[in-house]
Amino acid sequence: MSLQAIKYDGKDLLILDQLKLPYVEEYVPVRNAQEGWHVIKEMRVRGAPAIAIVAILSLAVELRSLLLYNRLSNSAEEVGVFIKEKLQYLVTSRPTAVNLADAARKFERIVDEHIREETATGQTLAELFLREAGKMLASDLKDNQNIGAHGAKWILEHARRPGQDKINVLTHCNTGSLATSGYGTALGVIRSLHSNGALSRAYCTETRPYNQGARLTAFELVHDKIPATLITDSMAAALLADPKASISAIIVGADRVAANGDTANKIGTYGLAVLAKHHGVKFLVAAPRTTIDRGTKSGEDIVIEQRPAVEVTKIRGPVDSGISNGLSMETIRVAAPGIDVWNPAFDVTPASLIDGIITEVGVVEKGPDGIFHFDDIFAGASS
Ligand code: MRU
């Protein structure tokens with residue numbers, strides 16, 4: 001059974017508390033938009049698609065309970081204002097991943113369209129919101145499975161070295177079931193390679209300073225029995241230079257892809273793309289179309305979230321190893337007291353260093369002009 005970061009049955013929303021992973025698997029309830037905002041801000045749930053889904057579902061469970069206790073206005077306009085205010089509030093939780101803002105825009109449109117209907121009431125609007133929120137969860141899972149299939153096919157056709165049966169790949173950060181509704185984006189591609197019998201080994205970086213790779217990706221790879229090796233971020237160059245490792249591709253996720261293909265993803269991604277170019281290794285971004293922000297011209301326009309210094313200067317972990325309920329967590333300092341710290345959560349990889357952007361409808365490569373064109377993959381799409 002693959003990991004499930006988000007559990008939603010149409011009534012209750014539970015999220016796997018990622019601050020406690022990989023030591024303790026504990027689900028926490030999210031009962032309203034305010035709790036949704038907090039679990040996103042505190043990084044109890046993380047990863048671009050997952051935070052968008054949790055934000056929308058947190059508002060869905062709040063609306064459901066207002067409906068249940070008859071505490072919603074009959075006026076569709078009033079409920080519409082309520083929903084839009086909550087959506088705007090949820091968007092303020094984290095700035096870089098576009099999926100959250102994109103989902104908020106989509107639900108605002110749904111609200112506006114419904115309000116225009118003569119028969120609309122506060123109740124019909126809330127019910128519609130609940131139905132659409134449920135669909136979002138299912139459609140993200142399907143998208144990830146398609147990303148996995150397209151990405152695995154592309155890699156085997158374009159990145160496999162002559163005479164190679166199985167391939168080795170490198171990934172960064174956290175892009176699996178824990179960062180999405182399930183299956184994953186970059187990790188979905190790795191999962192798909194593995195289930196096709198085409199994966200020899202996945203290397204994952206530790207992903208300092210917050211260690212999403214060591215804590216979450218490594219946990220998921222072990223959980224799902226995918227052959228994998230953990231490296232520190234500083235080992236990536238040596239790994240790519242090592243003929244024994246023979247890395248065929250680097251696959252990462254994305255928090256926002258600008259209209260020109262520049263991609264914001266977890267800090268350290270840009271460095272890996274530079275290394276890939278130097279070593280002639282394919283560099284791929286795996287992301288649903290909801291991560292492609294055609295309203296943002298280039299990487300220069302992407303707001304990069306700055307995180308607190310303490311994430312760099314201190315490390316938190318259990319005193320005991322292994323999983324136990326009475327786990328005692330300790331925080332220890334790993335940097336000199338008083339040192340200044342720069343801690344951007346993401347960086348931007350220029351499009352020129354990216355070989356392909358793997359989406360649920362196919363892999364986008366640069367055109368003969370050397371530029372990514374996304375019009376084809378959005379043709380016929382509603383957003
Ligand atoms: O700060 P986080 O943990 O939310 O960052 C997560 C990432 O950067 C992921 O690589 C990204 O969201 C990929 S989307 C599956």
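So, how was this worked out
- Each chain carries its own residue numbering, running from 1 in the direction its sequence is written.
- Whole-chain, interface and lining totals are the exception, using all residues; otherwise, since this is a predicted model, local features are given only for residues with pLDDT of at least 70 and side-chain atom pairs are given and counted only at 80 or more.
- Side-chain metrics rest on all non-hydrogen atoms present in the structure, leaving aside hydrogens and water.
- Put simply, DSSP H or I for four residues or longer makes a helix, DSSP E for two residues or longer makes a strand, and each gets a number counted from the N terminus.
- In this text, near means that some heavy atom of the residue lies within 4 Å of the molecule or strand in question.
- N or O atoms within 3.5 Å of each other form a polar contact, as long as, within protein, one can give a hydrogen and the other can take it, and as long as residues adjacent in sequence are counted only when both atoms are side-chain atoms.
- Per-residue accessibility takes into account occlusion by the displayed protein chains alone, with areas from the Shrake-Rupley method and a 1.4 Å probe.
- Residues are said to line a cavity or pocket when one of their atoms sits within 4 Å of a point; the points come from a 1 Å grid over protein atoms alone, cavities being sets where a 1.4 Å probe fits but cannot get out and pockets being open sets with protein on both sides within 12 Å along at least five of seven lines.
- To be counted as sitting in a cavity or pocket, a molecule needs more than half of its atoms within 2 Å of that site's grid points.
- For this scheme, ten residues count as nonpolar: Ala, Val, Leu, Ile, Met, Phe, Trp, Tyr, Cys and Pro. Four count as charged, namely Asp, Glu, Lys and Arg, and the remainder, Gly too, count as polar.
- Residue ranges labeled as domains rest on an automatic or database domain assignment.
- Burial classification: accessible surface area is computed with a 1.4 Å probe over protein chains only, and a residue below 20% of its type maximum counts as buried, one above 50% as exposed, and the rest as partly exposed.
- Contacts between residues were defined by any pair of non-hydrogen atoms, one from each residue, lying within 4.5 Å.
- One bridge is not enough; two strands pair if DSSP finds at least two bridges between them.
- The axes are straight lines fitted to the C-alpha atoms, using for helices just the contacting stretch, and the angles between their N-to-C directions are given from 0 to 180°.
- Grid points are joined across faces, edges and corners, and a volume is the space filled by probe spheres set on the points.
- Once two parts are brought into contact, the accessible area they lose, counted with a 1.4 Å probe and summed over both, makes up the buried area.
- A pairing counts as a salt bridge when a side-chain nitrogen of Lys or Arg comes within 4 Å of a carboxyl oxygen of Asp or Glu.

1. As for the environment of L353
Here L353 is to be found in the loop between β14 (346–349) and β15 (356–359). Spatially, the C-alpha atoms of L353 and K282 are 9.2 Å apart, while their sequence positions differ by 71 residues.

2. Focus on the site of the ligand
Residues in close proximity to the ligand total 18 residues, the closest being A48, R94, Q212, D255 and K266. Between the ligand and G47 there is a distance of 3.0 Å, counted from an oxygen atom to a backbone nitrogen or oxygen. K266 is positioned such that a nitrogen or oxygen atom in its side chain is 2.7 Å from an oxygen atom of the ligand. Calculation on the ligand without its partners gives an accessible area of 420 Å², and the protein chains cover 99% of this total. Among the detected pockets, the ligand sits in the largest cavity. Every element with two or more residues in the shell around the ligand is listed here: α2 (48–68) and β9 (263–266). Within the shell around the ligand, the residues separate by chemical class into seven nonpolar, seven polar and four charged. Built from parts of two domains, the shell around the ligand gets at least three residues from each of domain 1 (6–140) and domain 2 (148–304 + 343–378).

3. Side note on the environment of A159
By the element assignment, A159 lies in the loop between α5 (122–158) and β4 (167–171). What makes A159 buried here is its relative accessible area of 7%. For the pair A159 and S248, spaced 89 residues apart in sequence, the C-alpha to C-alpha distance is 5.6 Å. Once residues lying within four places of it in the same chain are set aside, the contact partners of A159 are W154, S248, A249 and K282.

4. Topic: the sheet that holds strand β11 (residues 292–293)
If you trace the four strands from one edge of the open sheet to the other, you get β11-β8-β9-β14, paired in mixed fashion. Strand pairing shows two members of the sheet lacking a second neighbour, β11 and β14, which therefore form its edges. Helix-sheet contacts for helix α9 (residues 269–279) involve β9 and β14, and the interaxial angle to β14 is about 35°.

5. Quick look at empty space enclosed by the protein
On inspection of all chains with the given rule, the structure shows two cavities of 30 Å³ or more. By volume, the largest cavity is sized at about 220 Å³. Forming the boundary of the largest cavity are 24 residues, of which G47, A48, N174, D255 and N265 lie nearest the centre. When contributions to the lining of the largest cavity are tallied by element, the ones reaching two or more residues are α2 and β9. When the residues that make up the lining of the largest cavity are grouped by side-chain class, the tally is ten nonpolar, ten polar and four charged.

6. Some words on the pairing of β9
Pairing of strand β8 (residues 256–258) with β9 involves two bridges; the strand directions are antiparallel. Bridge pairing links R256 to A264 in β9. Two successive antiparallel strands, β8 and β9, enclose a turn made up of four residues, where G261 displays a positive phi of approximately 95°. The sheet contact formed by β9 and β14 spans four bridges and is antiparallel. Bridge pairing in β14 places T263 opposite T349.

7. Quick word on the domain arrangement of the chain
Interfaces are often described in size by the accessible area the parts lose on coming together. Taken as a whole, the chain is organised into domain 1 (6–140) and domain 2 (148–304 + 343–378). When each unit is reduced to the centre of its C-alpha atoms, the spacing between domain 1 and domain 2 is 28 Å. Counting residues at the interface gives 25 residues for domain 1, matched by 22 residues for domain 2. When domain 1 packs against domain 2, the two sides together hide about 2100 Å² of surface, and 55% of this comes from carbon and sulfur. It is R46, T96 and V98 in domain 1 that bury the most area against domain 2; as a group they hold 29% of the surface buried on that side. For the interface between domain 1 and domain 2, the tally reads zero salt bridges. Taken together, the elements giving at least two residues each to the side of domain 1 that touches domain 2 come down to α2, α4 (98–115) and α5. The dominant element in the side of domain 1 that touches domain 2, judged by the number of residues it contributes, is α2, at four residues. Here the side of domain 1 that touches domain 2 is composed, by residue class, of 15 nonpolar, four polar and six charged.

8. Observations concerning the sheet that holds strand β1 (residues 6–8)
Neighbouring strands of a sheet are bound in pairs by backbone hydrogen bonds; such pairs are parallel or else antiparallel. Spatial strand order, β1-β2-β3: three strands in an open sheet with antiparallel pairing. The sheet terminates laterally at β1 and β3 (27–29), the two strands that pair on one side only. Averaged over all pairs of adjacent strands, the angle between strand axes in this sheet comes to 25°, irrespective of strand direction. The pairing of β1 with strand β2 (residues 13–16) spans three bridges and is classified as antiparallel. Across the sheet, the residue bridging to K7 is L14, located in β2.

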